[in-house]
Amino acid sequence: MTPLRRIAIIGNSLPRRCGIATFTTDLRNAISVSCPDLEARIVAMTDRGQAYDYPPAVAFQIKDGNIEDYTRAADFLNAGQFDTVCLQHEFGIFGGEAGAHILVLLSRLTMPVVTTFHTVLANPTVKQRTVMERIVDASSKVVVMAHKGRELLRDVYRVPDDKIEVIAHGIPDVAFVEPDAAKARLGFERKSVILTFGLLSPNKGIEVMIDAMPSILKRCANAVYVVLGATHPNLVRNQGEAYREGLKARVRELGIDDHVVFLDRFVDLATLLEFISMCDVYVTPYLNEAQMTSGTLAYSFGLGKPVVSTPYWHARELLADGCGVLVPFGDASAIGSEIAKLLTDDARRQAMSRRAYAASRTMTWERTAERYMSVFENARQANRPKIFARSDMGAPEPRGPAPPDMQIGHFLSMCDDTGLYQHAVHSVPDRAHGYCVDDNARALLLACALNNPGEQPLPDVLTTRFAAFVQHAWNPDTRHFRNFMGFNRTWLEDRGSEDSHGRTLWALGEAARSDASPSRRRWATALFAEALPTVESFRSPRAWAFALLGLDAYCVVALDDLHAREVRHSLADRLMSCLASVETPDWVWFEDGLAYDNARLPQALMLAGMATKTPKYLDAGLRSLRWLMTQQTTPAGHFRPVGTAGFGEQRQQPRAFDQQPVEATATIAACLTAWRASGDSEWKAMAARAFGWFLGSNDLSVALVDPHTGSCRDGLHPDRANENRGGESVVCYLLGLAEMRQLARVSTSLTKPAALRAVGA
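Please read all numbers here as calculations on a predicted model, not as lab measurements. (Residues numbered from 1 in each chain as written. Predicted model: local features only at pLDDT ≥ 70, side-chain atom pairs only at ≥ 80, totals over all residues. Heavy atoms only, no water.)

Enquirer: Describe the overall build of the protein, listing the residues and the values that go with them.
Expert: Secondary structure summary: the protein contains 28 helices and 22 strands in total. Evaluated residue by residue, the protein yields a buried proportion of 61% over its 761 residues. In the protein, the share of contacts with a sequence separation of at least 24, taken over all contacts with a separation of at least 6, comes to 70%. For the protein, the computed accessible surface area is about 28400 Å², with 51% contributed by carbon and sulfur atoms. One finds the centroid of the 82 positive side-chain charges in the protein at a distance of 3 Å from the centroid of its 86 negative side-chain charges. (Helix = DSSP H or I, 4+ residues; strand = E, 2+ residues; numbered from the N terminus. Buried < 20%, exposed > 50% of the residue type's maximum accessible area, 1.4 Å probe, protein only. Contact = heavy atoms within 4.5 Å. Areas by Shrake-Rupley, 256 points an atom, 1.4 Å probe, with all protein chains shown as cover. Lys, Arg positive; Asp, Glu negative; His and termini not counted. Charge placed at Lys NZ, Arg CZ, Asp CG, Glu CD.)

Structure, rendered in structure tokens:
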């Protein structure tokens with residue numbers, strides 16, 4: 001096996017030296033030092049969409065509330081052939097309820113994931129527990145920074161012990177120094193300095209320490225308490241600086257203005273280490289026991305500073321055996337007494353300093369990086385399925401022409417205030433055939449696809465019409481969607497086909513995940529849940545596949561819908577059973593014949609396999625799609641979709657005609673899913689060949705699309721193109737185009753110079 005070469009670190013890399021930002025950035029730097037041939041890149045989360053200056057190593061930026069960004073990040077990582085993803089998890093930095101958006105990314109990754117939990121809650125909410133459990137399921141290994149974290153993962157979340165690693169919070173490897181020189185440089189000469197550092201917020205217990213200062217000053221008159229750090233941005237956003245001003249008012253009330261210094265600023269690493277170096281005692285008077293890790297505590301301990309702390313979980317472990325002093329929560333008298341004792345007992349204070357420094361040498365960032373590298377390698381060897389092996393590592397990737405611009409003029413002309421017309425006579429909408437839910441569901445899928453960055457979203461009123469059509473198609477009496485509607489808005493049936501029901505579920509699932517409107521996302525989620533049980537009685541493999549495509553999106557947002565997860569496994573197992581009962585060495589398929597939307601069956605299995613981490617689904621999807629592509633590729637090498645003339649024939653070579661756009665679009669999507677699952681760029685080449693069918697790389701060498709209007713002919717006859725340009729055809733072309741344009745954007749970002757990628761250019 002080749003050595004690890006590329007690691008992506010997912011986390012918050014804002015330029016603040018605390019918490020998740022400190023850990024993410026320093027871990028990357030340490031890995032680079034520990035293994036200089038390895039490229040460690042950050043996939044960064046922004047803070048609620050605010051703009052910050054990122055450090056140069058940021059490879060990809062995600063606005064935490066934009067769910068589409070998580071999908072793009074997964075595509076970026078899969079395309080970049082990263083060996084391992086290191087997820088730094090903390091509540092509050094990922095979007096969605098309880099940070100659920102990160103599951104969108106994890107469900108699409110094709111490489112092992114190692115997750116570090118910065119917080120493990122003893123009493124999580126139902127949603128927090130569900131998200132945590134899903135992250136654990138998606139991870140090959142999970143890391144905590146304290147033994148208490150291991151205990152909680154085992155007892156509360158039922159994580160197997162052999163899946164958990166304990167790796168201490170890293171610290172800079174700096175020499176032990178006495179504080180006098182740093183005091184002189186920072187203006188605290190001849191002072192006994194007590195320090196607290198970090199984002200200011202009420203849970204830090206600063207007011208308790210302020211109340212302790214008068215008793216300290218009685219025994220050590222030159223003591224000064226330095227509070228270094230800006231107010232937490234969330235606190236500023238909601239309350240301004242009211243908390244900080246309240247602390248200052250308490251200082252004035254106690255008459256200790258000359259002995260408490262507030263330094264309201266972010267500091268870089270060098271400045272932080274300088275401040276820690278100059279303190280005589282470091283104090284963490286936190287008010288909450290459930291503090292799993294504290295980067296500031298680890299740093300101060302690592303610089304050999306005597307620490308007085310309340311007994312939160314991390315402090316209890318780190319300060320055992322005389323390496324620090326623990327005091328009760330909220331007890332100003334006890335804090336004051338212990339700090340005063342240390343400040344007035346030089347021998348005890350210095351002995352504690354050297355004991356802490358010696359004990360911390362195993363925590364240096366380089367040692368931490370070595371532990372992580374071992375975990376990454378073990379995760380890759382133990383958990384990476386063989387189907388993920390890449391055949392093209394190091395090979396140059398073929399570059400084809402850029403896909404056309406997205407033009408939706410014809411698509412718009414095919415819509416009225418009811419929805420999308422089914423058919424057209426040439427390019428003129430054909431009112432005689434009215435509408436169907438199939439095409440309007442596809443239109444809703446297109447609306448979601450055009451919400452991706454780099455595309456122009458559809459007008460909201462148009463997306464609303466497609467949603468309204470789907471809503472009106474739902475028949476609560478039959479628990480089915482109707483399909484066909486006349487031009488007079490009269491339904492022509494009480495229920496549609498199983499396939500149209502499944503395809504509508506697919507659109508609803510995607511809308512639940514990525515519709516631009518939060519209200520419509522909630523609508524789609526509710527209607528999906530209402531319509532899903534009907535699928536369980538279906539017998540059509542394509543209906544199962546369409547429902548699985550919808551479940552891939554729906555399960556990301558409906559984390560507590562256990563029934564949906566059960567249905568996903570059930571439908572995937574049904575497809576597996578079909579394949580097992582029909583497959584032979586020469587016929588690797590689910591049925592005895594090939595029909596329409598063929599590639600959606602392997603695509604559905606691959607997505608289910610990636611989402612549920614079930615290798616047999618992935619293997620079956622890749623195997624069957626590979627066989628299908630042998631049936632859809634001509635001796636000359638261009639794409640030839642299964643012709644409609646052969647529908648119903650059993651175990652025969654597919655007929656060449658008539659060829660329809662729906663087959664090309666399904667094949668593009670399935671091949672790109674296979675690429676994301678395997679990392680093999682041959683699948684991208686196959687997707688490009690299928691898309692080339694639209695542009696003229698086909699049996700007749702006839703372009704089916706008009707790039708200026710975005711219209712698409714309905715297919716190829718043996719001697720000519722079908723000049724009609726109906727709703728299904730135009731949506732299929734635009735969906736395929738959206739996929740290829742998204743692929744091009746990912747590929748372009750990977751080939752940019754590092755400096756351009758770093759700033760998101």
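Enquirer: Lay out empty space enclosed by the protein in plain terms, naming residues and giving numbers.
Expert: Here the structure, examined in full by the defined rule, presents 6 cavities of 30 Å³ or more. If you add up the space inside the largest cavity, you get close to 690 Å³. As for the largest cavity, its lining consists of 28 residues, of which Thr-71, Arg-108, Glu-510, Arg-513 and Glu-739 are closest to the centre. For the lining of the largest cavity, the secondary structure elements donating two or more residues are α2 (67–79), α17 (437–449), α19 (498–514), α21 (541–557), α23 (600–612), α25 (661–678) and α27 (727–751). Looking at the second largest cavity, its volume works out to about 60 Å³. As for the second largest cavity, its lining consists of Leu-594, Val-642, Gly-643, Gly-646, Glu-649, Gln-652, Gln-653, Pro-654 and Arg-655. Classifying every residue of the lining of the second largest cavity gives 3 nonpolar, 4 polar and 2 charged. (1 Å grid on protein atoms, 1.4 Å probe; cavity = no way out; pocket = protein on both sides within 12 Å on 5 of 7 lines; lining within 4 Å. Points joined across faces, edges and corners; volume = space filled by probe spheres on them. Nonpolar A, V, L, I, M, F, W, Y, C, P; charged D, E, K, R; others polar.)

Enquirer: Provide a residue-level description of the packing of α19 against α21, including the pertinent values.
Expert: Direction vectors running N to C along α19 and α21 enclose 15°, while the axes themselves pass 7 Å from each other. As summarised for this structure, α19 and α21 are arranged roughly parallel, according to the angle between their axes. Read as a crossing pair, α19 and α21 show a hand that is left-handed. The segment α19 lies against α21, with Glu-498, Asp-499, Gly-502, Arg-503, Leu-505, Trp-506, Gly-509, Glu-510, Ala-512 and Arg-513 engaging Arg-542, Ala-543, Phe-546, Ala-547, Leu-549, Gly-550, Asp-552, Ala-553, Tyr-554, Val-556 and Val-557. When its residues are assigned to classes, the contact of α19 with α21 shows 11 nonpolar, 3 polar and 7 charged. (Axes fitted to C-alpha atoms, helices over the stretch in contact; angles between N-to-C directions. Parallel < 35°, antiparallel > 145°, perpendicular 65-115°, else oblique. Left-handed = near helix turned anticlockwise from the far one by under 90°.)

Enquirer: Describe the sheet that holds strand β8 (residues 192–197), listing the residues and the values that go with them.
Expert: Across the sheet, which stays open at both edges, the 6 strands sit in the order β10-β9-β8-β11-β12-β13 with parallel pairing between neighbours. Pairing within the sheet leaves two strands with one partner each, and these edge strands are β10 (260–263) and β13 (325–326). Alignment of β8 against strand β9 (residues 223–228), held across 6 bridges, turns out to be parallel. Counted as the bridge partner of Val-193 is Val-224 from β9. Relative to the sheet, helix α13 (residues 332–343) contacts β8, β9, β11 (281–284), β12 (307–309) and β13, its axis offset from that of β11 by approximately 165°. (Pairing = 2+ DSSP bridges.)

Enquirer: Give a description of the nonpolar core that names residues and reports values.
Expert: The biggest cluster of nonpolar side chains holds 118 residues, and the ones touching the most others in it are Phe-411, Phe-466, Leu-551, Leu-625, Trp-683, Phe-694 and Leu-734. Among the nonpolar cores identified, the runner-up in size contains 55 residues, and Ile-7, Leu-27, Ala-182 and Tyr-286 belong to it. (Core = buried A, V, L, I, M, F, W, Y, C linked by side-chain atoms within 4.5 Å.)

Enquirer: A description of the pattern of salt bridges should follow, citing residues and the corresponding values.
Expert: Applying the stated criterion across every chain, the model contains 49 salt bridges. In this structure, Arg-361 and Asp-173 form a salt bridge, with 3.3 Å as the shortest nitrogen-oxygen distance. Here Arg-361 is found in the loop between α14 (346–359) and α15 (365–383), whereas its partner Asp-173 is found in the loop between β7 (164–166) and α6 (180–186), with 188 residues between them in sequence. Judged by its relative accessible area of 23%, Arg-361 is partly exposed. The class of Asp-173 is exposed, set by a relative accessible area of 57%. Three or more residues joined by partner-sharing salt bridges are found here, namely Arg-108, Glu-510, Arg-513 and Asp-552. (Salt bridge = Lys/Arg side-chain N within 4 Å of Asp/Glu carboxyl O.)

Enquirer: Can you tell me about the packing of aromatic side chains, naming the residues and giving the values?
Expert: Two measures describe an aromatic ring pair: the distance that separates the ring centres and the angle between the ring planes. Going through the model one piece at a time under the given rule, you end up with 24 aromatic pairs. Among the aromatic residues, those joined into a ring-pair cluster are Tyr-421, Tyr-435, Phe-469, Phe-487 and Trp-491. Its guanidinium or amino end placed over the ring of Tyr-157, Arg-129 lies 5.6 Å from that ring's centre, counting from NZ or CZ. Here the guanidinium or amino end of Arg-361 rests over the ring plane of Tyr-357, the centre of that ring lying 3.8 Å away. (Phe/Tyr/Trp six-rings, centres within 6.5 Å; stacked < 30°, edge-to-face > 60°. Lys NZ or Arg CZ within 6 Å of the ring centre and 35° of its normal.)

Enquirer: Can you lay out the sheet that holds strand β18 (residues 484–485) for me, pointing to particular residues and giving the numbers?
Expert: What the 3 strands build is an open sheet, ordered β14-β15-β18; its pairing is antiparallel. The strands lining the two open edges of the sheet, one partner per strand, are β14 (421–425) and β18. When β14 meets strand β15 (residues 428–436), the two strands line up antiparallel, connected through 4 bridges. Bridge assignment links His-423 to a residue of β15, and that residue is Asp-430. Contacts between α17 and the sheet are confined to β14 and β15, with β15 contributing the most and set at about 100° to the helix.

Enquirer: Residues and numbers for α17, please.
Expert: Here α17 contains 13 residues, and its C-alpha end-to-end distance of 18 Å stays within 8% of the 18 Å for a straight helix at 1.5 Å per residue. Of all 13 residues that make up α17, 13 are buried, and the element is covered over most of its length. (Expected span 1.5 Å × (residues − 1).)

Enquirer: Quick one: what's the story with the side chain of Lys-141, residue by residue and with numbers?
Expert: Within the fold, Lys-141 resides in strand β6 (residues 141–144). Classification of Lys-141 by relative accessible area gives buried; the value is 16%. Reaching out from Lys-141, the side chain makes a polar contact with the backbone oxygen of Asp-162 at a distance of 2.7 Å. In this view, Lys-141 contacts Val-113, Val-114, Thr-115, Asp-162, Lys-163, Glu-165, Val-375 and Ala-379; residues no more than four positions away in its chain are not counted. (Polar contact = N/O pair within 3.5 Å; in protein donor to acceptor, adjacent residues only side chain to side chain.)

Enquirer: If you had to explain the pairing of β6 to someone new, which residues and values would you point to?
Expert: Side chains Lys-141 and Val-143 of β6 all project onto a buried face; the interleaved residues Val-142 and Val-144 project onto the opposite face, where all are buried too. Relative to β6, strand β5 (residues 113–117) is paired through 3 bridges, and the arrangement is parallel. Bridging from a neighbouring strand, Val-114 pairs with Lys-141 of β6. Handedness of the β5-helix α4 (residues 126–138)-β6 crossover: right-handed. In this structure, β6 lies alongside β7, joined through 3 bridges in parallel fashion. Note that in β7 the partner of Val-142 across the bridge is Ile-164. (Right-handed = clockwise from strand over helix to strand, strands pointing away.)

Enquirer: Before we move on, can you summarise the packing of helix α7 (residues 206–219) against helix α9 (residues 242–254) with the specific residues and values?
Expert: Relative orientation and spacing of two packed helices are given, respectively, by the angle between their axes and the distance between those axes. Running from amino to carboxyl end, α7 crosses α9 at an angle of 10°, the nearest separation of the two axes being 10 Å. If you check the angle between α7 and α9, you find them roughly parallel. Every residue of α9 that contacts α7 at Ile-206, Glu-207, Ile-210, Asp-211 and Pro-214 is listed here: Tyr-243, Leu-247, Arg-250, Val-251 and Leu-254. For the contact of α7 with α9, the per-class residue count stands at 7 nonpolar, no polar and 3 charged.

Enquirer: Tell me about the pairing of β15, residues and numbers included.
Expert: Where a strand is regular, its side chains alternate between the two sheet faces. In sequence, β14 turns back onto β15 through a hairpin of 2 residues, with His-426 there showing a positive phi of about 55°. In this structure, β15 lies alongside β18, joined through 2 bridges in antiparallel fashion. Each bridged residue has a counterpart across the sheet, and for Tyr-435 the counterpart in β18 is Met-485.

Enquirer: Would you mind going over the environment of Gly-486 in detail, with residue names and values included?
Expert: Residue placement: Gly-486 occurs in the loop between β18 and α19. Between the C-alpha atom of Gly-486 and that of Cys-436, which follows or precedes it by 50 residues, the distance is 8.6 Å. If we ignore the near neighbours within four places in the chain, the residues touching Gly-486 are Gly-434, Tyr-435 and Leu-492.

By themselves these figures say nothing about function.
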